[in-house]
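A closer look at the structure
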Amino acid sequence: MSEREVRLWPEFVKALKQEVVPALGCTEPISLALAAALATRELGKAPERIDAWVSANLMKNGMGVTVPGTGTVGLPIAAAVGALGGDPDAKLEVLKNLTVEQVAAGKQMLADGKVKLGVAAVPNILYAEACVWHGDECARVAIADAHTNVIKIELNGEVKLKREAADAKPLESYDLGDATARDVYEFAMRAPLDSIAFIHDAAVLNSALADEGMSGKYGLHIGATLQRQIEAGLLSEGLLSNILTRTTAASDARMGGATLPAMSNSGSGNQGIAATMPVVVVAEHVKADQETLIRALALSHLIAVYIHTRLPKLSALCAVTTASMGAAAGMALLLNGGYPAVSMAISSMIGDLAGMICDGASNSCAMKVSTSAGSGFKAVLMALDGTRVTGNEGIVAHDVDVSIANLGKLATQGMAQTDTQILQIMMDKR
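Treat the numbers as computed from the prediction; the structure is a model and nothing was measured. (Residues numbered from 1 in each chain as written. Predicted model: local features only at pLDDT ≥ 70, side-chain atom pairs only at ≥ 80, totals over all residues. Heavy atoms only, no water.)

Considering the overall build of the protein
Each helix and strand in the protein was counted, giving 17 helices and ten strands. Relative to the compact-globule value of 22 Å for 430 residues, the protein shows a C-alpha radius of gyration of 21 Å, a close match. Oriented by its inertia axes, the alpha-carbon framework of the protein measures out at about 70 × 55 × 40 Å. Counting only residues that meet the buried cut, the protein has 58% of its 430 residues in that class. Long-range pairs, those at least 24 residues apart, make up 76% of the contacts in the protein with a sequence separation of at least 6. (Helix = DSSP H or I, 4+ residues; strand = E, 2+ residues; numbered from the N terminus. Rg over C-alpha atoms; globule rule 2.2 N^0.38 Å. Buried < 20%, exposed > 50% of the residue type's maximum accessible area, 1.4 Å probe, protein only. Contact = heavy atoms within 4.5 Å.)

Thoughts on the layout of surface pockets
Put simply, the second largest pocket is a space of about 160 Å³. Forming the walls of the second largest pocket are ten residues, and the residues nearest its centre are Met63, Gly64, Asp359, Met426 and Lys429. Of the residues that constitute the lining of the second largest pocket, the class distribution is three nonpolar, four polar and three charged. (1 Å grid on protein atoms, 1.4 Å probe; cavity = no way out; pocket = protein on both sides within 12 Å on 5 of 7 lines; lining within 4 Å. Points joined across faces, edges and corners; volume = space filled by probe spheres on them. Nonpolar A, V, L, I, M, F, W, Y, C, P; charged D, E, K, R; others polar.)

What about the sheet that holds strand S6 (residues 127-134)?
Hydrogen bonds along the backbone pair up the strands of a sheet, which may run parallel or antiparallel. On the basis of which strands lie adjacent, the open sheet formed by six strands has the order S5-S2-S6-S7-S8-S9 and mixed pairing. The open sheet has two edge strands, strand S5 (115-119) and strand S9 (158-162), and neither has a second partner. Strand-to-strand twist in this sheet, taken as the mean axis angle between neighbours without regard to direction, amounts to 10°. Relative to S6, strand S2 (residues 49-54) runs antiparallel, the two sharing six bridges. By the bridge assignment for S6, arginine 49 is matched with tryptophan 133. (Pairing = 2+ DSSP bridges. Axes fitted to C-alpha atoms, helices over the stretch in contact; angles between N-to-C directions.)

Observations regarding the nonpolar core
Within the largest apolar cluster, 96 residues are counted, with the highest numbers of intra-cluster contacts made by Phe12, Phe187, Leu299 and Ile346. Among the elements that make up this core, the one with the highest residue count is helix H12 (residues 290-308) (twelve residues). Apart from the residues lying within four places of it in its own chain, the contact partners of phenylalanine 187 are Trp9, Phe12, Val13, Leu16, Ile196, Arg295 and Leu302. In this structure, Ala23, Ile50, Ala80 and Val115 belong to the second largest nonpolar core, which totals 43 residues. (Core = buried A, V, L, I, M, F, W, Y, C linked by side-chain atoms within 4.5 Å.)

What to know about the pairing of strand S7 (residues 137-144)
With six of its eight residues buried, S7 lies for the most part within the structure. Alignment of S6 against S7, held across eight bridges, turns out to be antiparallel. Opposite alanine 130, over in S7, you have valine 141 as the bridge partner. Hairpin geometry of S6 and S7 is characterised by an intervening segment of two residues between the two adjacent antiparallel strands and by a positive phi of about 60° at glycine 135. Taking the residues between adjacent antiparallel strands as the criterion, S7 and strand S8 (residues 150-155) are bridged by five residues, where aspartate 145 takes a positive phi near 75°.

Observations concerning the side chain of serine 347
Structurally, serine 347 is set in helix H14 (residues 338-353). Those residues within four positions of serine 347 in sequence are excluded, and the remaining contacts are Arg388, Val389, Val396, Val400 and Ser403.

Considering empty space enclosed by the protein
Using the criterion set out here, one finds one cavity of 30 Å³ or more in the structure. When its volume is computed, the largest cavity comes out at roughly 320 Å³. Lining the largest cavity are 28 residues; nearest its centre among them are Asn61, Ser268, Gln271, Ala319 and Cys358. Across the lining of the largest cavity, the residue classes break down as twelve nonpolar, eleven polar and five charged.

Focus on the pattern of salt bridges
This model, assessed by the stated rule, comprises 20 salt bridges. As a salt-bridge pair, aspartate 183 and arginine 4 come within 2.7 Å of each other at their nearest N and O atoms. Taken together, the residues aspartate 183 in helix H6 (residues 181-190) and arginine 4 in helix H1 (residues 3-19) connect sequence positions 179 residues apart. (Salt bridge = Lys/Arg side-chain N within 4 Å of Asp/Glu carboxyl O.)

Re unusual backbone geometry
One non-glycine residue with positive phi stands out, namely aspartate 145, at about 75°. Within the fold, aspartate 145 resides in the loop between S7 and S8.

Quick notes on the packing of aromatic side chains
Inspection of every chain in the model, using the stated rule, returns three aromatic pairs. Each residue in the set Trp9, Phe12 and Phe187 is aromatic and connected to the rest through ring pairs, giving one cluster. In this arrangement the basic side chain of arginine 49 is found over the ring face of tryptophan 133, its NZ or CZ atom lying 4.2 Å from the centre. (Phe/Tyr/Trp six-rings, centres within 6.5 Å; stacked < 30°, edge-to-face > 60°. Lys NZ or Arg CZ within 6 Å of the ring centre and 35° of its normal.)

Considering helix H5 (residues 100-111)
Under the 1.5 Å per step criterion, the end-to-end length of H5 is 17 Å for twelve residues, consistent within 8% with the ideal 16 Å. Looking only at H5, the buried set comprises Val103, Gly106 and Met109. For H5, the angular spread of the buried residues around the axis is 115°, confining them to a single face. The exposed set on the far side of H5, more than 90 degrees from its buried face, consists of Val100, Glu101 and Ala111. Looking at the packing, one finds that the buried side of H5 touches S2, helix H4 (75-85) and S5. Phi turns positive one or two residues past the end of H5, at glycine 113, with a value near 70°. (Expected span 1.5 Å × (residues − 1). Arc of directions from axis to C-beta.)

Things to note about the pairing of S2
Strand direction decides the pairing type here: S2 and S5, joined by five bridges, are parallel. Following the sheet pairing, aspartate 51 is matched in S5 by lysine 116.

Description of the packing of H14 against helix H16 (residues 400-414)
Helices that pack against each other are described as a pair by the angle of their axes relative to one another and the distance between those axes. Remark: H14 packs on H16, axes separated minimally by 9 Å, with the N-to-C direction vectors making an angle of 25°. Considered as vectors, H14 and H16 are oriented roughly parallel to each other. Here H14 runs over H16; the crossing is left-handed. Counted together, Tyr339, Ser343, Ile346, Ser347 and Ile350 of H14 and Val400, Ser403, Ile404 and Leu407 of H16 form the full contact between these two elements. (Parallel < 35°, antiparallel > 145°, perpendicular 65-115°, else oblique. Left-handed = near helix turned anticlockwise from the far one by under 90°.)

In structure tokens, the structure reads:
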């Protein structure tokens, strides 16, 4: 191993272990549910009412999504069931053990006007705070900058924990530093298999979501609809349609409230699905062995993380697009395109998808997942034929890492006003 690999490879493993984790439900409302569950534990009594505040971006991403096990949309129900039945030790799976009685009690709290929700005046892009009350007693928990990153705990006005968000990062926080896409590719191809074998769990969890979504019971049931059109002869059956159908079905289930966890990426279940399912479908198509699938998944998920580190945690740019760039890398590996095809496909996708907005988490996210998966496969096919969007066009550069940096600039600087306008439009609809 080179000195560079000795330095970067442990960071890559930490990045995968930190960013690719199971999550039950959309991670923005789940973050508020976790804050409420932690506050209830601190209070030590059954909550009678809840006051909650979230950042503008978290409000945007939580307004239109179904909370798992509840059949109900929005942040207030997440806060209620998190407080009444959440497991405070389960992190992004905080709602995994909800009972029917707890869900009913949570809905009654909403009906009785016992849950208040507001936008917090904070600089943090990702922020969730819950204050749970029993009589005149209250406990308050705040989470910021990452979905499980607790920065404040108070009980009846007494501060039990307070720290800056930057100081509350996990002990295993990683630093990708000067890493490049080529570094990520070499790691995925040559890292000891036992150091990345855990990534196979992504295929297991997200495939189960895809199977559940194919039932047609969730969200916009796009995956099931596409399958019916194949059977009706309006779509051709083939590798592309299988990628679209199964990837979208997983997102249908996840956004529609299925009580199955997704393997997330960078704090998002949809990003995890987008980085996983196209790779799984192509691996099945080429009859790849398990090691090849693991390496393709490691490449996909780590490319997704690498690109996402250049973006804000939440922004006006739909990050399913960048997760699908990871999937394109994994598909290119499986189709024997090598690093040239990986870099060409990512560049083409930046030229294709850079303008896709995030207008909040909702059932329609499955449409964006479908679009991004299709773009990824198209870009791979172009790359295998020696074609790409060139550095002479738009924000795409000749070098893939510069293209990624340009995309980051667009999301961080260029789309700030877009994000504000999207939220205003959504709030005006309430």
